[in-house]
Amino acid sequence: MKEFAYARAGDAAEAAALMAERPDATYIGGGTNLVDLMKLGVTGPGLLIDVSRLPYDRIEHRDDGSALIGATVRNGALAGDPGIRERFPLLSQALLAGASGQLRTVATVGGNLLQRTRCGYFQDVTKPCNKREPGSGCPAIEGAHRDLAVLGTSDHCVASHPSDMAVALVALDAVAHLRSVDGGTRTVPVAELYVLPGDTPHRETVLDRGDLITAVELPPPPPAARMRYRKVRDRWSYAFALVSVATAVSVAEDGSLDDVRIALGGVAPRPWRARIAEERLRGARPDEKTLREAARAELAGARPLPDNAFKVDLATDLIVAGVRDLVARKDRA
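Residues numbered from 1 in each chain as written. Predicted model: local features only at pLDDT ≥ 70, side-chain atom pairs only at ≥ 80, totals over all residues. Heavy atoms only, no water.

What follows deals with the sheet that holds strand β7 (residues 185-189). Read across the open sheet, the five strands follow the order β4-β5-β8-β6-β7; overall the sheet is antiparallel. On the outer flanks of this sheet lie β4 (59-61) and β7, each paired with one strand and no other. Going across the sheet, the axis of each strand differs from the next one's by a mean of 20°, ignoring polarity. In terms of strand pairing, strand β6 (residues 175-179) meets strand β8 (residues 212-218) through five bridges, oriented antiparallel. (Pairing = 2+ DSSP bridges. Helix = DSSP H or I, 4+ residues; strand = E, 2+ residues; numbered from the N terminus. Axes fitted to C-alpha atoms, helices over the stretch in contact; angles between N-to-C directions.)

Below you can see the structure in the form of structure tokens.
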């Protein structure tokens, strides 16, 4: 591991000042992903600015049903929060589906959003990777790509995004609150936080250097919404998604879908909001034919590789099952 300096920021202004002084600085929260990448030699910041003690460690539940989640809230605390479990159960389910209990105790909300891909070529510095070194190539396209993306890829990168939490947040229309190094603030929908690889796979988010995530805001959930996070993986625990789906639906009195939200994980370089499927399903009666046609329309733009083509059918089946099972739950309520 490359030698580095360490500083603990007392407040956001101090963190920004430290960042502005050192072009080789980076923020660290729980460090559950960053430290691994430092050990592997994938990244080598000269200064780690610890922001884990900044006053962003609260979950605020509002009277209108919305919530404001501080960026330094630990994943375990968020998953177990009674208000989150009651109003936004798919978020709690997504968090519990990721990592291990020990890691959830350390990992932060802000850090979870910014974790890097687990593509083996990205993590192996002896191999070329356009994310690490633009223009060096993407060996995953011809190599080991079973776990990688089928949507939103390019000829330069087929890496998949690893976060479970981010998939749930995208389905819930969450918004990230950001603070820049000059003290300015802005908000960005989590669905728009990530950049598809195109011909610049080394740029993964819309964040400018030194931007700090301070909170994530959840709008009130849809009225009478039923929601669930489902994850298919190679083993029951401590494994990244082959495909996951976050689904929230509201059913009208006539049995049609009044509101439907779907986000996919494990299939794209970012959490994938299934806008095409949602548009086809909103206002429709969710019979098997309609569900499957909507899911297939969403996956029509997939660019699978030989060893991950199964993800197209798997994602289709999960979308169908996700909506169908929630509607059935509504019927039994």
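There is more to say after this.
Here the focus is the UniProt feature "domain: FAD-binding PCMH-type" (unreviewed entry) in the protein. Feature annotation in UniProt places "domain: FAD-binding PCMH-type" (unreviewed entry) on residues 1-223, given in this structure's numbering. A distance of 50 Å separates the end C-alpha atoms of residues 1-223, which is 26% helix and 16% strand. (UniProt positions renumbered as here; feature names shortened; annotations may be inferred.)

This brings us to the pattern of salt bridges. For the coordinates displayed, the defined rule picks out 24 salt bridges. Via salt bridges that share partners, D173, D259, R261, R273, E278 and R282 belong to a single interconnected network. (Salt bridge = Lys/Arg side-chain N within 4 Å of Asp/Glu carboxyl O.)

In this section: the nonpolar core. Core analysis: the biggest nonpolar cluster contains 39 residues, and L78, L91, L113, L169 and L218 have the highest contact counts within it. Element by element, the count of residues in this core is highest for helix α9 (residues 165-171), at seven residues. Not counting residues up to four positions away in its chain, the partners in contact with L169 are L91, L113, A174, V190, V216 and L218. Ranked by size, the runner-up nonpolar core spans 29 residues in total, among them L257, A274, L291 and A294. (Core = buried A, V, L, I, M, F, W, Y, C linked by side-chain atoms within 4.5 Å. Buried < 20%, exposed > 50% of the residue type's maximum accessible area, 1.4 Å probe, protein only. Contact = heavy atoms within 4.5 Å.)

Another point: a nonpolar patch on the surface. The grouping of M1, F4 and Y6 at the surface amounts to a nonpolar patch, some 330 Å² of accessible area in total. Within the secondary structure, M1 is located in the segment before β1 (5-8). (Patch = residues over 30% accessible without salt bridge, like charges linked within 9 Å, V, L, I, M, F, W, Y side chains within 5 Å. Areas by Shrake-Rupley, 256 points an atom, 1.4 Å probe, with all protein chains shown as cover.)

The final tally for this structure, using the stated rule, is zero disulfides. Here C138 is not cross-linked by a disulfide; its sulfur's nearest cysteine counterpart is in C157, at 5.5 Å. Among the residues examined, C157 registers a relative accessible area of 5% and is labelled buried. (Disulfide = S-S within 2.5 Å.)

In this section: unusual backbone geometry. Of note, the phi angle at A99 is positive, near 55°, even though the residue is not glycine. Locating A99 in the fold gives a position in the loop between α5 (89-96) and α6 (101-106). Under the relative-accessibility criterion, A99 is labelled partly exposed at 38%. The residue Y238 is not glycine, and still its phi comes out positive at about 55°. For Y238, the position within the fold is in the loop between β9 (226-232) and β10 (243-251).

Turning to helix α1 (residues 12-21), a few remarks are in order. Every buried residue of α1 is accounted for by A12, A15, A16, L18 and M19. The buried residues of α1 occupy an angular sector of 160° when the element is viewed end-on, so they sit on one face. Opposite the buried face of α1, by more than 90 degrees, sit the exposed residues A20 and E21. The inward-facing, buried residues of α1 contact β1, β2 (25-28), β3 (47-50) and β6. The residue sitting at the N-terminus of α1 and contributing the capping side-chain oxygen is D11; that oxygen lies 3.2 Å from the backbone nitrogen of A13. (Arc of directions from axis to C-beta. Polar contact = N/O pair within 3.5 Å; in protein donor to acceptor, adjacent residues only side chain to side chain.)

A few words now on α5. One full turn of an α-helix is made of 3.6 residues, so residues set three or four places apart face in the same direction. Counting buried residues along α5, six of its eight residues qualify, which places the element largely inside the surrounding structure. Among the residues making up α5, those that are buried are P89, L90, L91, S92, A94 and L95.

Looking now at the sheet that holds β10. Across the sheet, four strands lie side by side as β9-β10-β11-β12; this open sheet has antiparallel pairing. Where the open sheet ends on each side, the last strands, each with one partner, are β9 and β12 (272-273). The pairing of β10 with strand β11 (residues 257-265) spans eight bridges and is antiparallel. Residue pairing for β11: S250 is matched across the bridge by D259. Of the strands in this sheet, β9 and β10 touch α5, which is tilted by about 15° from β9.

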